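# Structure assessment
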Amino acid sequence: MRILTGKNWRDGFLDYHRNKREYRLEVLAWKDLEKLEHVYHTRPKSLRLLINYFPVVGPGGMITKTWSRLREDRRNDKYLGCGFGKIIEAPEQARFKTGETVVFVAPWHPALAERIVLPGELVFPAANVPLPELPSGAALYLPASAEDPADRFWHAIRAWSIYSGVKLATETLLQLETGLKENLKATDWSKAERIITENPAPVSETKGEIPKPSTGKKTGILYGFGNYAKINIIPYMSPFVDIKTVHEIDPTQISISRKVERWDTSPLPKPDEKADVYFVASYNHTHVPITLHALEKGAYVVVEKPVAGDYEELAALEQALKKVGRKLFIGFHKRYGLFNDYALEDLAVKPGDQISYHSVVYELVQPELFWYNWPVSRSTFFANGCHQIDHFLHLNGFSKPKDFDIKLLQDHAVEVWIELENGATFTTTFSEKGTSRVGPRDFVELKVPGRNVRIMDAIRYQSEDEHRILRKKRIFKTQSYHDMYRKIGARIAKNEPGDTIESVMISTKLMLDLEEKLQQLKGWGNRYEEAKKEFWTYFK
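Here the structure is a predicted model, which means the values were calculated and not measured. All residue numbers here refer to positions counted from 1 along the written sequence of the relevant chain. Only residues with pLDDT of 70 or above have their local features reported here, since the model is predicted, and side-chain atom pairs are shown and tallied only from 80 upward, although totals for entire chains, interfaces and linings are computed over all residues. Where side-chain values are given, they derive from all heavy atoms of the structure, hydrogens and water being excluded.

This next bit is on the overall build of the protein. Helix numbers and strand numbers start at the N terminus; a helix is a DSSP run of H or I with at least 4 residues, a strand a run of E with at least 2. When helices and strands are counted, the protein shows twelve helices and 25 strands. Against the compact-globule benchmark of 24 Å for 540 residues, the protein has a radius of gyration of 25 Å, which places it among compact chains. Along the three orthogonal principal directions, the C-alpha set of the protein runs to about 85 × 60 × 50 Å. The buried label applies to any residue whose accessible area, calculated with a 1.4 Å probe on protein chains only, is under 20% of its type's maximum; exposed applies above 50%, and partly exposed to all values in between. Looking at the 540 residues of the protein, the share that counts as buried comes to 56%. Contacts: residue pairs with any heavy atoms within 4.5 Å of one another. Taking the contacts inside the protein whose residues are at least 6 apart along the sequence as the reference set, 73% of them involve residues at least 24 apart. Only the protein chains shown count as cover for residues, with accessible areas throughout obtained via the Shrake-Rupley method and a probe of 1.4 Å. Approximately 24100 Å² of the protein is accessible, and the part contributed by carbon and sulfur atoms is 52%. Counted as positive: Lys and Arg. Counted as negative: Asp and Glu. His and the chain ends are not counted at all. For the purpose of locating charges, the reference atoms are NZ of Lys, CZ of Arg, CG of Asp and CD of Glu. In the protein, 77 positive and 71 negative side-chain charges are present, and the distance between their average locations comes to 5 Å. Radius of gyration here uses only the C-alpha atoms, and the compact-globule reference equals 2.2 Å multiplied by the residue count raised to the power 0.38.

Let us look at the pairing of strand β22 (residues 441-448). By definition, two strands form a pair when at least two bridges between them are found by DSSP. Pairing analysis gives seven bridges linking strand β18 (residues 356-362) to β22, with the strands arranged antiparallel. Within the sheet, the bridge partner assigned to Ser359 lies in β22 and is Val444. Between β22 and the antiparallel strand that follows it, strand β23 (residues 451-456), lie two residues; Gly450 among them carries a positive phi value of about 85°.

Before going further, it helps to examine helix α7 (residues 338-346). Among all positions in α7, only Phe339, Asn340, Tyr342, Ala343, Leu344 and Asp346 are buried. Elements in contact with the buried residues of α7: α9 (386-395), β22, β23, β24 (460-464) and β25 (469-474). Phi turns positive, to about 60°, at Ala348, one or two residues after α7.

In this section: the pattern of salt bridges. For salt bridges, the criterion is a side-chain nitrogen of Lys or Arg within 4 Å of an Asp or Glu carboxyl oxygen. According to the stated counting rule, one finds 34 salt bridges in the structure shown. Here Asp499 ties to Arg335 by a salt bridge, and the two come within 3.3 Å at their closest N and O atoms. A residue pair is termed long-range when its members are at least 10 positions apart, and Asp499 in the loop between α10 (479-493) and α11 (501-521) and Arg335 in the loop between β17 (328-330) and α7 qualify at 164 residues. The exposure classification of Asp499 matches that of Arg335, with both residues buried.

Attention shifts here to the sheet that holds β23. Neighbouring strands of a sheet are bound in pairs by backbone hydrogen bonds; such pairs are parallel or else antiparallel. Judged by pairing direction, the sheet is mixed, and its eight strands sit side by side in the order β19-β20-β21-β18-β22-β23-β24-β25 without closing on themselves. A single partner strand is all that each edge strand has here, and the edge strands are β19 (401-408) and β25. Taking each pair of neighbouring strands and ignoring which way they run, the sheet shows an average axis angle of 10°. Pairing of β19 with strand β20 (residues 414-420) involves seven bridges; the strand directions are antiparallel. For Phe404, the partnering residue across the bridge sits in β20 and is Ile418. Here, axes are lines fitted to C-alpha atoms. For helices the fit covers the stretch in contact, and angles between N-to-C directions go from 0 to 180 degrees. Strand contacts of α7: β22, β23, β24 and β25, with the helix running at about 180° to β25, the strand carrying the most contacts. In the packing of α9 onto the sheet, the strands contacted are β18, β20, β21 (425-431) and β22, and the crossing angle to β18 comes to about 165°.

Of all 14 residues in strand β3 (residues 22-35), twelve are buried, a share of seventy percent or more. Relative to strand β7 (residues 115-119), β3 runs antiparallel, the two being bridged by five bridges. For Tyr23, the partnering residue across the bridge sits in β7 and is Leu118. Note that β3 and strand β4 (residues 79-89) share ten bridges and pair antiparallel. Each bridged residue has a counterpart across the sheet, and for Asp32 the counterpart in β4 is Gly81. When β3 meets strand β9 (residues 138-142), the two strands line up parallel, connected through three bridges. The residue of β9 that forms the bridge with Ala29 is Leu140.

Below, the discussion takes up the packing of aromatic side chains. Each Phe, Tyr or Trp ring (for Trp, its six-membered ring) is paired with any other whose centre lies within 6.5 Å, and the angle between the two planes then decides the class: stacked below 30 degrees, edge-to-face above 60, tilted in between. Evaluated as defined, the whole model comprises 28 aromatic pairs. Plain terms: the ring middles of Tyr283 and Trp374 are 5.0 Å apart, the flat faces sit at 65° to each other, and that makes the pair edge-to-face. With Tyr283 in the loop between β15 (277-280) and α5 (287-296) and Trp374 in the loop between β18 and α8 (380-384), this pair connects stretches of sequence that are 91 residues apart. Three or more aromatic residues link up through ring pairs in this structure, and these residues are Trp108, Tyr163, Tyr283, Phe370, Trp371, Tyr372, Trp374, Phe535, Trp536 and Phe539. For Arg378, the ring lying beneath its charged end belongs to Phe382, and the centroid distance is 5.8 Å. Whether a charge sits over a ring depends on NZ of Lys or CZ of Arg being within 6 Å of the ring centre and within 35 degrees of the ring normal. Here Arg378 stacks its cationic end above the ring of Tyr528, 4.2 Å away from the centre of that ring.

Strands sit in the order β2-β1-β6 across an open sheet of three strands; the sheet is antiparallel. Two strands close off the open sheet at either side, each with one partner strand: β2 (8-10) and β6 (112-113). Summarising the sheet, strand β1 (residues 3-5) and β2 pair through three bridges and their orientation is antiparallel. When the bridges of β2 are listed, Thr5 appears paired with Asn8.

The next subject is α5. With seven of ten residues buried, α5 is to be regarded as a mostly interior element. Among the residues of α5, those classed as buried are His287, Val288, Ile290, Thr291, His293, Ala294 and Leu295. Here the buried face of α5 lies against β12 (218-223), β15, β16 (300-303), α6 (311-324) and β17.

The criterion is simple. A nonpolar core is a set of buried Ala, Val, Leu, Ile, Met, Phe, Trp, Tyr and Cys residues joined through side-chain atoms within 4.5 Å. Of all hydrophobic cores here, the largest spans 134 residues; its most connected members are Ile116, Leu328, Phe381, Ile389, Ile418, Leu446 and Leu514. Element by element, the count of residues in this core is highest for α11, at eight residues. Beyond its immediate sequence surroundings of up to four residues, Leu328 is in contact with Thr291, Val301, Val303, Val307, Leu317, Leu321, Gly498, Asp499 and Val504.

Structure representation (structure tokens):
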């Protein structure tokens, strides 16, 4: 289909995926109400930023990171729009029938799309709303006004999505319908641009076919084509796995890649879909269903954190792993870092010996409308604070926790302490008070009697004993990700086992225990459970 992006009406985009509760609409007239800001982590195009990042990621990392971010301009250009549309696909027993003209509100979309997919909550009857005179073979388009509107009837749904788990209240929908119809009645469509829509391409949520394997490498499927996947998963796994299929729900994210043969806007696996390796870098709450599908097919899974969002998901994952064996790798890059080997040597310990761990973590402030803030995503501590906790457990051979606690400070920082059965202790302070100058920051100290290791930002390493500095080392931050995927890829290529089931269970359960306490401290009640339930009403 065609999308208006960068002020150009471009062809070749896939259609949005439509689930059982959604309509597919042909856009007849579209009006942008607001350009959405603070939806993603974005970086200004500045020489100063490049100078700041160069010593952190190195020349190779700088090139891939910059190229990936530049390709996200289309994704970042999001609007909330409204208008008139014609139903071309409808759910069973739907309120509106195919061919019917309706009015709609479309949050979190490009400036204009030829076809859109919306749930029934955002589609309303066009009765008593005058339909503008529609030109043949064209759609009407009005860009967002520079003036601040007196009535922002759409404010509550600015970046709402079926993936958010947020249930739209009846009162909200009534206000939305009233405000929408009043706005459309007052719109002067005579000033609208005519955007050519004749000879539309057929609806297609997929494109490309998978050829028969010819390289001798294992085949792969990737879920989530974000920046992380572009700069880490795809390039570092390429020597070991041919990633031929990519699932990405946002058509504006899909870009030309000579190695990818098939694209799909579905968020979840198709029943007959199969590959040797599944890479899961999608929304957090979709990790487990994709992982379980892959394990059921006998495939390897490389899943990004968090591996499970609740105890029910963890139990299902444990059951699947016990059935198929060690086919899962979790993307905890700190487990694979070069500094781990140095630390064991310089601390004069062997794997599983007691190593105490103390850290201060500064995460970036999440943009207001970023998906990490969705209730179904749980807390940012759960999503990001897990790295240091898992690293601590890894260095201590996944000794079982015997006691732990979490505290929410008045400035919303989080403090955690943990004691393990082997005698090791852990403390951390996690906050979102970092700057975006060089990304997230973390400062780690590893301690045994008489020896100490200090690691700053996963870049600088220094060890010392009572008398002298034992070792200094500096690497680029990207090295840990390179090492992780190359090591995982090599093990998969040799059909070697993945993470131990015990390590998966101990690390994930501890994070869930802490998250449950934090949920109570934040006064969130059962908001995650309700959000998860709402999300699945669209897909089950």
